[in-house]
Amino acid sequence: MKKAVFVALDYDNLSDVQQLLKQLGAPKETYLKVGMELFYHSGSEFVSELVQKGYHIFLDLKLHDIPNTVYGAAKQLARLGIDCTTIHALGGSAMIAAAKKGLIEGTKAGKEVPKLLAVTELTSISDQILADEQNCSLPMTKQVVSLAKTAKISGADGVICSPLEVSNLRSQVGEDFLYVTPGIRLAENQNGDQKRVATPQKAKEYGSSAIVVGRPITQAQEPAIVYERIKKEFN
Ligand SMILES: O=C(O)c1cc(=O)[nH]c(=O)n1[C@@H]1O[C@H](COP(=O)(O)O)[C@@H](O)[C@H]1O
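- You'll find the protein entered in an unreviewed UniProt entry as Orotidine 5'-phosphate decarboxylase, with Lactobacillus panisapium given as the organism.
- Looking at the protein in UniProt, the text filed under Sequence similarities (unreviewed entry) is "Belongs to the OMP decarboxylase family. Type 1 subfamily."
- What UniProt records for the protein under Subunit (unreviewed entry) is the sentence "Homodimer."

Quick notes on the packing of helix H6 (residues 140-153) against helix H7 (residues 163-173)
- Packing of H6 against H7 leaves a shortest axis separation of 10 Å and a crossing angle of 50°. One finds that H6 runs oblique with respect to H7. Here H6 runs over H7; the crossing is right-handed. Within the contact between the two elements, H6 uses Thr141, Val144, Val145, Ala148, Lys149 and Lys152 and H7 uses Glu165, Asn168, Leu169, Gln172 and Val173.
- Residues belonging to the contact of H6 with H7 are distributed by class as follows: 5 nonpolar, 3 polar and 3 charged.

Structural notes on the confidence of the model for the protein
- With 100% of its residues at a pLDDT of 70 or more, the protein shows a mean pLDDT of 97.
- We note a pTM of 0.97 for the whole complex and an ipTM of 0.99 for its interfaces.

With respect to the sheet that holds strand E1 (residues 5-8)
- The sheet built from 8 strands closes into a barrel, its strands ordered E1-E2-E3-E4-E5-E6-E7-E8 with parallel pairing. Each strand axis lies, on average, 25° off the axis of its neighbour in the sheet, ignoring direction.
- In the sheet, strand E4 (residues 84-88) pairs with strand E5 (residues 115-119) via 5 bridges, with the strands oriented parallel. Paired with Thr85 across the two strands is Leu116, which belongs to E5.
- Those strands touched by helix H10 (residues 223-234) are E1 and strand E8 (210-213), and its axis lies near 150° from that of E1.

Thresholds applied
Residues numbered from 1 in each chain as written. Predicted model: local features only at pLDDT ≥ 70, side-chain atom pairs only at ≥ 80, totals over all residues. UniProt positions renumbered as here; feature names shortened; annotations may be inferred. Axes fitted to C-alpha atoms, helices over the stretch in contact; angles between N-to-C directions. Helix = DSSP H or I, 4+ residues; strand = E, 2+ residues; numbered from the N terminus. Parallel < 35°, antiparallel > 145°, perpendicular 65-115°, else oblique. Left-handed = near helix turned anticlockwise from the far one by under 90°. Contact = placed C-beta atoms within 7 Å. Nonpolar A, V, L, I, M, F, W, Y, C, P; charged D, E, K, R; others polar. pLDDT = per-residue confidence, 0-100. Pairing = 2+ DSSP bridges.

What follows is the structure, encoded as structure tokens:
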């Protein structure tokens, strides 16, 4: 996933997915993210189809449950041959370790174990929401570091965070960890529901390992041009 730009396929039907892939001229090896909306619509068979076509698939289902349940779920997801998947770091160390164990045990012989990425604080959470609704006494930067440290010692391969936190995380948590960042916006884009955002250029400067981009590409008049521009800015 070195410097990958994951295109988030947040669609409720397959014809929109096919149309976007056609517009992007997406060759094999393109990095795609399948999230809850598309997964709940099309299920694991469609994910397997994308994997078989040679795409790199980030299956983002953000598991957050008791360790035994997450272990079983992760084991099933690993069978799909995906590149990476997500859990919520707030599920705690035992849950993260259980997810890792499930991924290892579910991976078919000879295949690579999917990378386990722990969501720290969603990029739609602001400092104010963190304090007022989650009753967290730490500022965002410290809370994200704390969750990332827990994720790392519990066996995660990296975290999902805002680009704004990456340089601090690299020094506090280490270089041997993945920092995958959604919350990507070009200067002309609306933030929408995202609160902690940055441009692809800034994400590169801050040290993101990979970025996740949805609406700036999927809602663009000319998705292919925006996709190429974002890849160029980030790489
Ligand atoms: O895990 C994620 O991918 C994720 C975590 C997070 O904190 N924030 C976040 O936006 N995402 C995902 O990244 C994508 C961002 O989409 P856009 O805001 O449309 O670019 C969506 O598919 C979200 O589900």
